[in-house]
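Observations on the model geometry
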Amino acid sequence: MNAMDLERAKVHEADACLVLANKYCPDPDAEDAANIMRVISMKNYCEESRIIIQLMQYHNKAYLLNIPSWDWKQGDDVICLAELKLGFIAQSCLAPGFSTMMANLFAMRSFITSPDMAAWQNDYLQGTGCEMYTETLSPSFSGMTFSQASELCFVKLKLLLLAIEVKPIDGGDTKISINPQSSKMPANTVGFFIAQSAEEVKRAWFFCKGCHDDVKDENQIKKCKCKNLAKFRTGVRAIQLVGRAMANSKTNCPQQNMVNSAMPIPIVKKNMMSKEENGAKNMMNGRVKVPNNTVDDTYGGYHLSYEVKKLMPTNKSTAQQKPSKLEVGIADDQAKDFDFAKTEMKYDSTGMFHWTPARSIEDCILDRNQAAMTVLNGHVVVCLFADPDSPLIGLRNLVMPLRASNFHYHELKHVVIVGAVDYIRREWKTLQNLPKISVLNGSPLSRADLRAVNVNLCDMCVILSAKVPSNDDPTLADKEAILASLNIKAMTFDDTIGVLNQSSNAPDAMSPLGSPIVLHRKGSVYGSNVPMITELVNDSNVQFLDQDDDDDPDTELYLTQPFACGTAFAVSVLDSLMSTTYFNQNALTLIRSLITGGATPELEIILAEGAGLRGGYSTPDTLSHRDRCRVGQISLSDGPLATFGEGRKYQDLFVASLRNYGMLCIGLYRLRDAALTTVDATSKRYVITNPPFDFGLLPTDQVYVLLPFERKQSRFSFSETEV
């Protein structure tokens, strides 16, 4: 905060400034406010400083947008702990263990296997050595579809290509497209890879179809002579073109010289146009000033929905505004496209999330009897410990990824929050527009409440605490979460699923909640088999979650069994994301895209208004936003991929999934004890990130995949596969 101290620290010469938050502070909002003031101080001292800041609360991100010199284009970025933590947990509701896989990807560590370790630990550790890298694809990839490029990278180069950078035709900001299905890749496309080292990723740049087509060993794919020759020829051609342009300018008349000087030379920056081509447009501070007779759909390079546009002044003159039969308070260019009386709002104004008109919390509260009467199955149970005055944790960040618009409505998992309604009421303003949410006013430690919400039939039980940890004894910071976890594991349940099966033979069976009953999952008889993820404040408390593990209390979190199995998550793993962002800003953008379910800069602007999610009318533009991939988990025990579980190799599964279904395989979720024959065998699974191409598969394996959006439900839908 002191300019003299900033001078002594030579902030103006620093490559970047990292601002870390105290994750154990009693008042998260006060901590965020203090850190934002530090950013303002540093930006005031040196506008060009690149700053990466940790924030505790999602709603405080809006204040950073108010800093005039805050610019993500020059590397400024914010890592919101609540947003990412709850986003990781949300994705684990869709694909158990996914939080562990993603956390290990940005942790930047090497792995060392040992013959003294169990086989499952060696498999897991090999995955922990994987990291995320970016590299420009060689010209040999030009014209390929993403699926073709990804298959070539995996089979030939032994690299996992996750996503590519896409440059819009209109010259806007580049976007990251994960497992895109349609477009072909232009030259010099930037790819996002999962690999063990940066050296491995260089193969994607060195690969030459002419020289390396017959090479069997991926380590032999290095820079070839023809690449240097091609660069030389390109350089010669550019010099010749520039020479000709200069010769023409000398022989022509002065007026012609002026025209030639405005013509582009072969190597120019994008988006730069001559005055004649640009017409009435003026480039001012990087933004395009549009004349009054056109409609500007962008702001700072972002396409704005009508909900944002109506907050901004219209550019049309009164003479050009024709009277319309629809006098509504939205931008004129939108009003002519809709018959509002017949159109129903199903998605938010960005088209990225399912939306419903605001409901009061009273309409969503269930008592124990109502919950027991409701057929809850395949849902998400959120066990929330909070006092009425506890700091808000931002439950919206947990629910929104589960309401992404790339799910069909009937695929959305019902979310049941078990906790003190006085606290949830304070959070409700951010949840009221998200469908399929119920609240049980009870205690996560009450077995009666847990039975009422059918915790044994849930797809995931999430255990969270909003209570401020005590500074006296860090071990007690997680006491409620640990007790709730052990309580559920100790429970036993009746196998009542058979009764439900007999009564739901009708194809149009509906639950009281209005959604189809999908009984694809047999209920757990023992609480130890209930899918669960517990959030911990203190890493060392992970030792108390599993009574049957032999982890040393001093073991690092990522090496412990609950973390490897995806049943525990601690906010401390997000610290390494600071260094990852420093080295590779795009990595954070990719992780955020995967984790949040599609949060965009446009959505950030809307939420910064403080009015919450707004409904939007479905247009071809907003509906096109549904066409994006999502995280899923496919079982090899049944379905069209079952044949691969019978001793086939991982590469066979990878290629077949990509070619036949457009699915990108990124890892496995394997039973710790493959053969459940011994007395001490367990049904726990562990995460294997990006297995080797020759890795053997088992019928009990589950596969992490990036699923493309299914516009129409096919006869067999992967989203309904047993998991």
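What you see is a predicted model, and the numbers here were worked out from it, not measured in a lab.

Within the protein, the secondary structure is distributed over 26 helices and 24 strands. A burial count over the protein gives 50% of its 723 residues as buried. Partitioning the intrachain contacts of the protein with sequence separation of at least 6 by distance along the chain shows that 75% fall at a separation of at least 24. As presented, the protein carries roughly 34,800 Å² of accessible surface, and 53% of it is formed by carbon and sulfur atoms.

With that settled, consider the pairing of strand E5 (residues 160-166). Counting buried positions along E5 yields six of seven residues, so the element is predominantly enclosed. Relative to strand E7 (residues 190-195), E5 runs antiparallel, the two sharing four bridges. When the sheet's bridge partners are listed, Ile164 is paired in E7 with Gly191. Both E5 and strand E6 (residues 175-178) contribute to a ladder of four bridges, which runs antiparallel. Counterpart to Val166 in the pairing with E6 is Lys175.

Before going further, it helps to examine the pattern of salt bridges. Applying the stated rule across the entire model yields 19 salt bridges. With a shortest N-O distance of 3.8 Å, Lys479 and Glu480 are connected by a salt bridge.

This part is about a nonpolar patch on the surface. Nonpolar side chains collect at one region of the surface, where Met1, Met37 and Ile40 lie side by side and expose about 300 Å² of accessible area between them. Here Met1 is to be found in the segment before helix H1 (3-8). When its relative accessible area of 59% is taken as the criterion, Met1 is described as exposed.

Turning our attention to helix H4 (residues 81-94). In a regular helix each residue adds 1.5 Å, so 14 residues correspond to 20 Å; H4 covers 20 Å between its end C-alpha atoms and thus fits that length. In terms of residue burial, H4 counts as a mostly covered element, since 14 of its 14 residues are buried.

The subject of this paragraph is the environment of Glu602. Residue placement: Glu602 occurs in helix H24 (residues 601-608). When the C-alpha positions of Glu602 and Thr350 are compared, they lie 7.4 Å apart, and in sequence the two are 252 residues distant.

This next bit is on the packing of aromatic side chains. Counted under the stated rule, the structure contains ten aromatic pairs. Summarising the aromatic geometry, the rings of Phe154 and Phe654 are spaced 4.0 Å apart at their centres and angled 15 degrees between planes, so their arrangement reads as stacked. Of the two residues, Phe154 sits in helix H7 (residues 146-155) while Phe654 sits in helix H26 (residues 650-661), which places them 500 residues apart along the sequence. Each member of the pair, Phe154 as well as Phe654, is classed as buried. Ring centres 6.5 Å apart and planes at 50 degrees place the aromatic pair Tyr650 and Phe654 in the tilted group. Of this pair, Tyr650 and Phe654 both sit in helix H26, four residues apart, which is roughly one turn of the helix. A relative accessible area of 0% places Tyr650 in the buried class.

Looking now at the sheet that holds E6. Here we have four strands laid out as an open sheet, ordered E4-E7-E5-E6, and antiparallel in their pairing. On the outer flanks of this sheet lie strand E4 (131-136) and E6, each paired with one strand and no other. Strand after strand, the sheet turns through a mean of 30 degrees between neighbouring axes, direction not considered. Across the sheet, H7 lies against E5 and E7, angled at about 140 degrees from E5, the strand it touches most. Helix H23 (residues 585-596) rests against E4, E5, E6 and E7 of the sheet, and its axis sits at about 50 degrees to E6.

Moving on: unusual backbone geometry. One non-glycine residue with positive phi stands out, namely Lys436, at about 60 degrees. If you trace the backbone, Lys436 turns up in the loop between helix H17 (421-427) and strand E16 (437-441). In this structure, Asn690 is a non-glycine residue whose phi angle is positive, near 45 degrees. Using a relative accessible area of 14% as the deciding quantity, one classes Asn690 as buried.

As a further point, take the sheet that holds strand E14 (residues 380-385). With parallel pairing, the seven strands of this open sheet are ordered in space as E13-E16-E15-E14-E17-E18-E19. The open sheet has two edge strands with one neighbour each: strand E13 (365-366) and strand E19 (568-570). Bridge analysis of strand E15 (residues 415-419) against E16 gives five bridges, and the strand direction is parallel. The residue bridging Gly419 from the neighbouring strand is Asn441, located in E16. Here H4 sits on the sheet in contact with E14, strand E17 (460-465), strand E18 (532-536) and E19, set at roughly 160 degrees to E17. Seen against the sheet, helix H19 (residues 479-489) touches E14, E17 and E18 and runs at an angle of roughly 165 degrees to E18.

Turning our attention to the nonpolar core. Phe88, Phe141 and Leu464 are the most contacted members of the largest nonpolar core, which has 140 residues in total. Per element, the largest residue contribution to this core is nine residues, and it comes from H4. In this view, Phe88 contacts Ser99, Met102, Ala103, Phe106, Phe569, Leu574, Ile591 and Ile595; residues no more than four positions away in its chain are not counted.

Close contact between H4 and H23 brings their axes to 8 Å; oriented N to C, the two are set at 50 degrees. Between H4 and H23, the angle is such that the two are oblique. For the pair H4 and H23, the sense of crossing is left-handed. From H4, Glu83, Leu84, Gly87, Phe88 and Gln91 reach across to H23, where they touch Leu588, Ile591, Arg592, Leu594, Ile595 and Thr596.

The rules behind each value
Residues numbered from 1 in each chain as written. Predicted model: local features only at pLDDT ≥ 70, side-chain atom pairs only at ≥ 80, totals over all residues. Heavy atoms only, no water. Helix = DSSP H or I, 4+ residues; strand = E, 2+ residues; numbered from the N terminus. Buried < 20%, exposed > 50% of the residue type's maximum accessible area, 1.4 Å probe, protein only. Contact = heavy atoms within 4.5 Å. Areas by Shrake-Rupley, 256 points an atom, 1.4 Å probe, with all protein chains shown as cover. Pairing = 2+ DSSP bridges. Salt bridge = Lys/Arg side-chain N within 4 Å of Asp/Glu carboxyl O. Patch = residues over 30% accessible without salt bridge, like charges linked within 9 Å, V, L, I, M, F, W, Y side chains within 5 Å. Expected span 1.5 Å × (residues − 1). Phe/Tyr/Trp six-rings, centres within 6.5 Å; stacked < 30°, edge-to-face > 60°. Axes fitted to C-alpha atoms, helices over the stretch in contact; angles between N-to-C directions. Core = buried A, V, L, I, M, F, W, Y, C linked by side-chain atoms within 4.5 Å. Parallel < 35°, antiparallel > 145°, perpendicular 65-115°, else oblique. Left-handed = near helix turned anticlockwise from the far one by under 90°.

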